[in-house]
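Topology and contacts: notes
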Amino acid sequence: MSHFSCEDEALLQSMLRQLLQSVKEKITGAPSVECAEEILLHLEETDENFHNYEFVKYLRQYICSTLGSVIEEETEKCTSAQSQGEGSGYDTLVQHVTKKTRESKEYREMMHSLKNVMMVVVESLINKFEEDQMRNKEMHRKTKKEQHSAYHTDNCSDSDSSYNQSYTFLNQEQLQLLVERLDPAQPKEVRQEAMQTLCSAPPSDVLNCESWSNLRKHLTMSLSDPDSTFSDKILRFYAKTFSSSPLNMTREVYTSLAKHLELYFLSGENCIPTISDGIDITNPEIIRLLKKVRLLNEYQREVPSFWIRHPEKYMEEIVESTLLLLSVKREQRHLVSPKLLDPVYFLALLDIKAVWFKKWMRIKPYKMIWKYLQWLAQWLQSKITVVFAYLYLESSFCYEVNIVLYFIDSFFSFVIFVDFISLTDLLVLFIRFIYCSPTCPMTTLTVHTGNYSPAILVTEVLQILCDRTECATDCLYTNTVIDALLHPIHNLLNGTEMYINCPETSLIHIADILARIAAVEDGLSLLLYGGNMNTAKKDSLTAAHTIVQFTKKLLDENISVLSGTEMLPALKGAFIFVCRQMYGTCEGLQVLIPYGLHESIADAWKKASSLSERIPTPVPGTDSISSGNQESQNIMVWEETLLDDLLNFAATPKGLLLLQNTGALNECVTFMFSRFSKKLQVRMSVFGYGIMVTQMAATSPGAVALQRSGFIKALITELWAVLECGRDDLRVTHPSSTPVDPIDRSCQKSFLAVVNLLSYPAIYELIGDQEIPNKPEYSLREVPTNVADVIDRLIILNSDAKIHSLFNYEQSHIFGLRLLNVLCCDLDTLLLLESQYKLSQVLLNAQKENIIETSEGPGNVIIDGLSVERNHILVRINLTGGPAERILPQRVLNKGTDPYPWSMFSSYPLPRCYLSEAPRKADFRQDSDLNKLLAFLKNPDKQLVWLENCRKQFCKIMKAKPDVISGTILAELIEKFVLHLSENPSECYFSTGEYEAANANVKNESLSSVQQLGIKMTVRYGKYLHLLKDDAENDLCLVLMHCDKFLKQQQTSMKSSLRCLQEGYAGYDWFASSVFLIMSGEREKTLTFLQQFSSLLLSAFLWLRRLHVSVHLPIDTAESGIHPIYFCSAHYIEMLLKAELPLVFSAFHMSGFTPSQICQQWLAQCFWNYLDWSEICHYIATCIFLGPDYQIYMCISVFKHLQQDILQHTQTQDLQVFLKVIFLFLLIGFRVTNIYGFYSSGFKVFICSTHCKFTVLPRYLK
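This report concerns the structure included in the present document. Every value quoted in this text rests on a predicted model; they were computed, and no experiment measured them.

**Quick look at the overall build of the chain**
- When its secondary structure is counted, the chain shows 63 helices and two strands.
- A burial count over the chain gives 53% of its 1262 residues as buried.
- Within the structure as shown, the chain displays about 59900 Å² of accessible surface, and the carbon and sulfur contribution to it stands at 53%.

Laid out in structure tokens, this is it:
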């Protein structure tokens, strides 16, 4: 723009004029200048033609030509700097390049040049606009000069009255004479003539004259003149001044009018109406008063738009005069006298929504806000009735004066105010007004029927308070307010007679407020625990109990006052939604479980479903708005509402079990998928259904329901579209860039969705015993529809037909290998894939095919993205151990002559570079603390004292020297401790019966291929740790077969469509294998320990195989296919995580992932491949000695150790991958002993107060 010609200026003017003409309607429709600015600032978001405007195109082209080279240079620098990391962050790159570009010299020069040019263009447009306006105004004045006196004779406050007046110019002497003639002491005729002259004079001359101060006094006094004609002329002069003068002049007129009104209300001579009498709008005196208040209010609405351009002193005068008027305080002549209407009443009647006040508080500087708050604090002490009246009328929709006053009069006759009242007491009065407000007179309700309800007005005020968290915490979240809200509900539950006007409507308003309270953490705690969970008593009934009892009675239609009403379904839905805010959280569900609310909602849904099935099919041409059709639509809406309420039980692990027990899981998932496919907004959370889908995918019935609904098919279809086909709505203006990340950003969302879905229970149900297609030919249009197809097309590419069927072979295969890498971190999934598809052999064959053939024979493996991924996976699936026990190769290439220093291989065994040195054994037999613990175990005394002593001594050793508890010492400790517990009847929760572990008894038993592979992995790991001998594999086989036969004696037979319930335990027995290693491969010791251990409650949580379809579980729980480790341990993990590490809990929700799914994986495999063997031993020993709840504290401690990394990976949107794959290397510094410090300092009180100890489990056992 250095060469800016006249032609360029004209071109820019035309472009800018086109833009302004296009948005003219939006700008002119804005209520204020600020709103118009907001519309222009967000024009790109609201105008679909934004990028088609010539001016926008011009700016884009100019920016690209000026800054294009700078952006490209910075992008190249940033990309090269991040090339060393894995999966560079796109958002971080954009932020960095943007920052550097804005700091560049070219950017500053461009902005300076652009600003100068646009100033010239805009100034030219303004000048042309002003010329056009002056020309139009002159023509308008000439054509209507004869008729100017006909305007504004009836409405003195119209803003454009000054535009049609002819002016009489006066000098200072004439103005001085005019002021003298307007003195109230002058005769009426003299003042009338002087007022006529004043109205024809320019307002600027009058306000700038030397005698204005005297004139102002005369006008203020004359406004009270009994002659309405004279006072109306003064108001006409004020109106003309407001519309045609700047702020520094109009403030004088405004303060004059405000002072007059203040004196008017203070005077005892004026007849001011009372609330009980109402306002007679035919009274001439009232008409004059309303005109004055209306003129004042019109100026109040407009003045904020000028404040920013004038000094604060002008604003201070306006604000102070307003506050003085509103705080008028008259002396009471009698002790008991009727309440007179204050100025705020008249102002509220004319400005029902308090538009002026909202504008003032939004635009006013902070000093003015502080001044207002100081005044309000003083006002609250003496004018509480005015506060209520103003708040009441502020949110009113009413337009009839007498109706408003009727409600105010009824309210004040119902409530007796004192001189001072607390804010809590005021809120209680508001709440009472909801259900005790009088009915509006039927004669006045001819239009706007629903808008006159005072309950709605009060509810809106309470809603505003609820939406402001800090304010609500201080004044709304109190037991007093909650008791007031629940007062009518208590009466209805107790059968106490109480007058409630419109009970259904009032209760719906109360339910709305309760739902808003329950949606906030502090409010939820108040409802559940009465405000302080640490002091909450078990037998005390908090608000949550009252609400759920009332909700159940509503569902059972067991409240006579409410039964049979048309609004009953809406009332039921409102209170179910309050409960939903509670049972959608782990802590809320704990409180509501005893009431069986899920069963009541399920029964109501089944009833509604049976009614909807009777609805006849609509016939074309029939009346669609008939009463019968409307009733059928209401039934269908009610059915969907109940399904949605049931679906929200799936937000927590235990809630998902309850949902499965209702038998409505499949219908709920189908309903969820229908809303998901229609992209309908989810009422529950801003994060949609992601959390519930992840919860369901962690269980077998949930995964089956997702598959039946079509959700998994839709997810895989969308994955294939973005991976192989690209987006349909993407413009093909430029060819897409080659992806530089292993998983492109466009595929990241689909990748994480598949990771969320494929937990081991889901994998087993979806692909168990299922072969992959392995077709000889694949069509390019053939799209995968299930998980087996994804494995076939993206992971196991063992034929040319599969390779040729992919448009983006390398990118798609890397996607599949990355997915496989995540799946293999779950050892059960790894064993299943290996047993069904010979996974390792497929990868080794692919590496062989990638070897360079030389004249001397096979050469090295070609290093590319695919071979690097395969090499990493082969090492991962062949090595077992924690972060210090195995070495995994990286998946990135380095710069330099040796880009990949790791050895590649195409056959086992692994190269030695991946094998770390095994830990050495140590003997700690001479330790005094250890000897003391062994002495306790050898000589058990009184049971309670002995248990306490053993646990204290164990904790002492673990805190001071945890390495002592290892090897044979660990085996001896847990062996003796479990023996003594199993001999104590009070510690035995399960009856195990008699079983003799003779090898002949298991000859006919067989192990699945998954178990056989798990045995080989265990033996390989045990040999690496120097714990097992060469013949240990046969002994471990016998141990597992004995366990299988022993536990089958305590299993119930059932028929189920779930694959996990049709055969034996679906996964591998990692706990039994861990005990086998702890016992150094001694078969008899291991079997004896497991038999004794199986009688303890602890076995239900450490030994997952123990309760598989067990007779010790209720039949519906056993048939659900959901293990107690999920609906009990994982449930309490989520509850405790929310209380102790709220940031981590929020990170999970933002990622659409759940702590329960990853913790179920960790606990199921006893932290194998995540912790070193010594830490796994300490974890098992800690749970055995201190109780099963310590596996919860274990998971919480891991999350606390990883808190900062979890928050970071939430921002990079790969939290799921981090928790399953990456964080292994961050656990090198983690010790199980972290539990003890965290437990003692963090949440022992919380555990006790919320009954999180596992004493709740027997309720699920027979």
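More follows now that the structure is in view.
**A word on the packing of aromatic side chains**
- Enumeration over the complete set of coordinates arrives at 32 aromatic pairs.
- With a centroid separation of 6.0 Å and 40 degrees between ring planes, the pair formed by Tyr-760 and Tyr-764 is classed as tilted. In this pair, Tyr-760 and Tyr-764 are both assigned in helix H39 (residues 760–767), four residues apart and thus about one turn of the helix distant. Here Tyr-760 and Tyr-764 have matching classes, each one buried.
- Seen in terms of ring centroids, Trp-1070 and Trp-1168 are 5.2 Å apart; in terms of plane orientation they differ by 55 degrees. Their pairing is tilted. Placement of the pair is Trp-1070 in helix H52 (residues 1070–1078) and Trp-1168 in the loop between helix H58 (1155–1164) and helix H59 (1173–1186), with a sequence separation of 98 residues.
- Classification of Trp-1168 by relative accessible area gives buried; the value is 0%.
- An aromatic cluster is present here, built from Phe-1148, Phe-1153, Trp-1162, Phe-1167, Tyr-1170, Tyr-1179 and Phe-1199 joined pairwise through their rings.
- Looking at Arg-191, its charged tip hangs above the ring of Phe-230, at a distance of 4.5 Å from the centre.
- When the ring centre of Phe-990 is taken as reference, the NZ or CZ atom of Arg-1106 above it lies at 4.8 Å.

**Quick notes on unusual backbone geometry**
- Cis rather than trans, the peptide bond between Tyr-908 and Pro-909 has omega equal to 10 degrees.
- Mapped onto the secondary structure, Pro-909 falls in the loop between helix H45 (865–878) and helix H46 (928–938).
- The phi dihedral of Phe-1167 is positive, around 65 degrees, even though this residue is not glycine.
- You can see Phe-1167 is positioned in the loop between H58 and H59.
- Overall, Phe-1167 belongs to the buried group, its relative accessible area being 2%.

**So, empty space enclosed by the protein**
- Summed over the entire model, instances satisfying the criterion amount to nine cavities of 30 Å³ or more.
- Taken as a whole, the largest cavity encloses approximately 500 Å³ of empty space.
- Pro-761, Tyr-1065, Gly-1121, His-1123 and Gln-1160 are, among the 33 residues lining the largest cavity, the residues nearest its centre.
- A class-by-class count of the residues in the lining of the largest cavity yields 18 nonpolar, twelve polar and three charged.
- Size it by volume and the second largest cavity reaches roughly 80 Å³.
- Along its surface, the second largest cavity is lined by Leu-715, Ile-716, Leu-719, Val-754, Leu-757, Leu-758, Ile-763, Val-787, Val-790, Ile-791, Leu-819 and Leu-823.

**Let's talk about helix H31 (residues 597–613)**
- Helix length check: H31 (17 residues) gives 24 Å between terminal C-alpha atoms against 24 Å at 1.5 Å per residue, within 8%.
- Along H31, the residues classified as buried are Leu-597, His-598, Ser-600, Ile-601, Ala-602, Ala-604, Trp-605, Ala-608, Ser-609 and Ser-612.

**Some remarks on the packing of helix H56 (residues 1124–1140) against helix H57 (residues 1142–1151)**
- Contact geometry of H56 with H57 gives a least axis separation of 5 Å together with a crossing angle of 120 degrees. Looking at the two axes, H56 sits oblique to H57. Contacts between H56 and H57 involve Glu-1134, Leu-1137, Lys-1138, Ala-1139 and Glu-1140 on the former and, on the latter, Pro-1142, Val-1144, Phe-1145 and Phe-1148.
- Considered class by class, the residues forming the contact of H56 with H57 number six nonpolar, no polar and three charged.

**Re the pattern of salt bridges**
- For the structure shown, the criterion picks out 31 salt bridges.
- Between Asp-963 and Arg-1231 there is a salt bridge, with its nearest N and O atoms 3.2 Å apart. Taken together, the residues span a long stretch of sequence, with Asp-963 in the loop between helix H47 (943–960) and helix H48 (967–982) and Arg-1231 in the loop between helix H62 (1215–1220) and helix H63 (1234–1249) at a distance of 268 residues.
- One network of salt bridges, in which partners are shared, links Arg-216, Arg-251, Glu-252 and Glu-317.

**Focus on the nonpolar core**
- Ranked by size, the top nonpolar core spans 290 residues in total, and within it Met-582 and Phe-1199 carry the most contacts.
- Once residues within four sequence positions are removed from consideration, Met-582 is found in contact with Ala-518, Leu-524, Leu-527, Leu-528, Ala-544, Ile-547, Gly-588, Leu-589 and Leu-592.
- Counting residues in hydrophobic clusters, the runner-up holds 59 residues, among them Cys-199, Ala-201, Tyr-264 and Trp-307.

**Side note on helix H38 (residues 745–757)**
- Counted at 1.5 Å a residue, the expected span for H38 with its 13 residues is 18 Å, and the 19 Å between its end C-alpha atoms agrees.
- Turning to H38, its buried residues number three or more, namely Cys-747, Gln-748, Ser-750, Phe-751, Leu-752, Val-754, Val-755, Asn-756 and Leu-757.

**Some points on the state of the cysteines**
- Scanning all chains against the criterion turns up zero disulfides.
- Considering cysteine sulfurs only, Cys-1159 is the nearest to Cys-1195, which forms no disulfide, with 3.8 Å between them.

Calculation notes
- Residues numbered from 1 in each chain as written.
- Predicted model: local features only at pLDDT ≥ 70, side-chain atom pairs only at ≥ 80, totals over all residues.
- Heavy atoms only, no water.
- Helix = DSSP H or I, 4+ residues; strand = E, 2+ residues; numbered from the N terminus.
- Buried < 20%, exposed > 50% of the residue type's maximum accessible area, 1.4 Å probe, protein only.
- Areas by Shrake-Rupley, 256 points an atom, 1.4 Å probe, with all protein chains shown as cover.
- Phe/Tyr/Trp six-rings, centres within 6.5 Å; stacked < 30°, edge-to-face > 60°.
- Lys NZ or Arg CZ within 6 Å of the ring centre and 35° of its normal.
- 1 Å grid on protein atoms, 1.4 Å probe; cavity = no way out; pocket = protein on both sides within 12 Å on 5 of 7 lines; lining within 4 Å.
- Points joined across faces, edges and corners; volume = space filled by probe spheres on them.
- Nonpolar A, V, L, I, M, F, W, Y, C, P; charged D, E, K, R; others polar.
- Expected span 1.5 Å × (residues − 1).
- Axes fitted to C-alpha atoms, helices over the stretch in contact; angles between N-to-C directions.
- Parallel < 35°, antiparallel > 145°, perpendicular 65-115°, else oblique.
- Contact = heavy atoms within 4.5 Å.
- Salt bridge = Lys/Arg side-chain N within 4 Å of Asp/Glu carboxyl O.
- Core = buried A, V, L, I, M, F, W, Y, C linked by side-chain atoms within 4.5 Å.
- Disulfide = S-S within 2.5 Å.

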